[in-house]
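If you want the building blocks of each chain, they are given just below.
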Amino acid sequence: MSKRTRTITWEDPVAAAESARAMDGMQRLKNYAAGSVPASPFALTIDTEITGFAEGSAEITFHPAEFHYDITGFVAAGVLAAVLDSVMGVALQSQLPAGAGFVTLEISVNTIRPVSAPCGDIKAEGTVLHLGRRIAYSEARAVDGEGQICASATSSLLVMHP
Amino acid sequence: MITWDDQAPLKQSRELTGIETLRRVAGGALPRPAVSSLFGWDDLSEFDAGRAVASFLPEERHYSPLGVVHGGVAMSLLDTAMATAAHSVVEASESCVTTQLKALFVRVITRGVGRLRCEGTVLHREGDLIETKASIVDERGKRYAHGTGMCRVQRA
């Protein structure tokens, strides 16, 4: 069987999270775009990047590849779910004050069309539907280069204020 | 560094029953799914018809920008256990694709929690739909996440 390898390098995520605590979410995203806040190990592991953000919305670009495949020979549904979870988190982050954190409480994902390397880049768009004091609600979709929907999701997230 | 094998032979294994495919992957005659290497799963060492277990040790590569394990890692582990369990009940010339995944995250996962185990089981098969569930627990039985899934059976 022919072997493939891939090397991933990242920066200390706990130190990065600590030093970003003083920034509000939008500033943190701007600094990420400018290269002064590092990408997370998980984003580098699954090969995604934040390619757009505004108040309450975000876009992540995902590059489907063989290393994401499960036993069916397509990108694992869990990986697509992870991309959608990420983009909903980034959309929420854009609205959070300095020192606030969040975790996903619950997520529901529909995988609509199988994704594999020939699909090319997948764009995931996330939107915050409602941001309450403790709970936020968001939705997301993943679309291929031809504009066809591949997956969609909704989630609720717990916001932790300092 | 992540290492995996050419995944093409998995797609060509459709004449096998699902459980025979899993046995051949476990025995090394078919490639291990690449996503298992990507996340560092230990899977396919424990499965039978309608049930599959996947486990992993949380590492820094699983971390989100918030300094804890990304929820997507837990979702992917739930998906692997549920999709493998579903795969174990499909007949020869059938394959199954996940169409829906739902997850609840009960506790934050960090590198400190030790090895996490996820057991996926088939709840039932109705025609072309296979319904599954899975939970992620630590070695003391404390629960971190649970989920349900739906897979659709396709015929070659």
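Above this text sits the structure in question.
Residues numbered from 1 in each chain as written. Chains lettered and ligands numbered in written order. Predicted model: local features only at pLDDT ≥ 70, side-chain atom pairs only at ≥ 80, totals over all residues. Heavy atoms only, no water.

Caption draft 1: Summary view of the pairing of strand β4 (residues 101-111) of chain A. Where β4 of chain A and strand β7 (residues 149-160) of chain A come together, ten bridges link them in antiparallel fashion. When the sheet's bridge partners are listed, I107 of chain A is paired in β7 of chain A with S155 of chain A. Both β4 of chain A and strand β4 (residues 94-105) of chain B contribute to a ladder of five bridges, which runs antiparallel. Note on β4 of chain B: the bridge partner recorded for V109 of chain A is L101 of chain B. (Pairing = 2+ DSSP bridges. Helix = DSSP H or I, 4+ residues; strand = E, 2+ residues; numbered from the N terminus.)

Caption draft 2: View of the packing of aromatic side chains. Per the counting criterion, the structure on display carries four aromatic pairs over all chains. Between the aromatic rings of F67 of chain A and W4 of chain B, the centroid separation amounts to 5.7 Å while the plane-to-plane angle is 65°, which identifies the pairing as edge-to-face. Separated into two different chains, F67 of chain A in the loop between β3 (57-62) and α4 (77-93) and W4 of chain B in strand β1 (residues 2-5) make up a pair that spans both. Overall, F67 of chain A belongs to the buried group, its relative accessible area being 7%. Among the residues examined, W4 of chain B registers a relative accessible area of 8% and is labelled buried. Ring-pair connections join several aromatic residues into one group, and the members of that group are F42 of chain A together with F39, W41 and F56 of chain B. Here the guanidinium or amino end of R6 of chain A rests over the ring plane of F67 of chain A, the centre of that ring lying 3.8 Å away. A cation over a ring is seen here: K11 of chain B above F74 of chain A, with NZ or CZ 4.1 Å from the ring centre. (Phe/Tyr/Trp six-rings, centres within 6.5 Å; stacked < 30°, edge-to-face > 60°. Buried < 20%, exposed > 50% of the residue type's maximum accessible area, 1.4 Å probe, protein only. Lys NZ or Arg CZ within 6 Å of the ring centre and 35° of its normal.)

Caption draft 3: Representation of the interface of chain B and chain A. Across the contact, 48 residues belong to chain B and 46 residues belong to chain A. The contact between chain B and chain A buries some 4,300 Å² in all, and 63% of this surface belongs to carbon and sulfur atoms. On inspection of chain B and its partner chain A, the count reaches two salt bridges. A salt bridge links D6 of chain B to R4 of chain A; its shortest N-O distance comes to 3.6 Å. (Contact = heavy atoms within 4.5 Å. Buried area = accessible area lost by both parts, 1.4 Å probe. Salt bridge = Lys/Arg side-chain N within 4 Å of Asp/Glu carboxyl O.)

Limitation: the analysis is restricted to geometry and does not speak to function.
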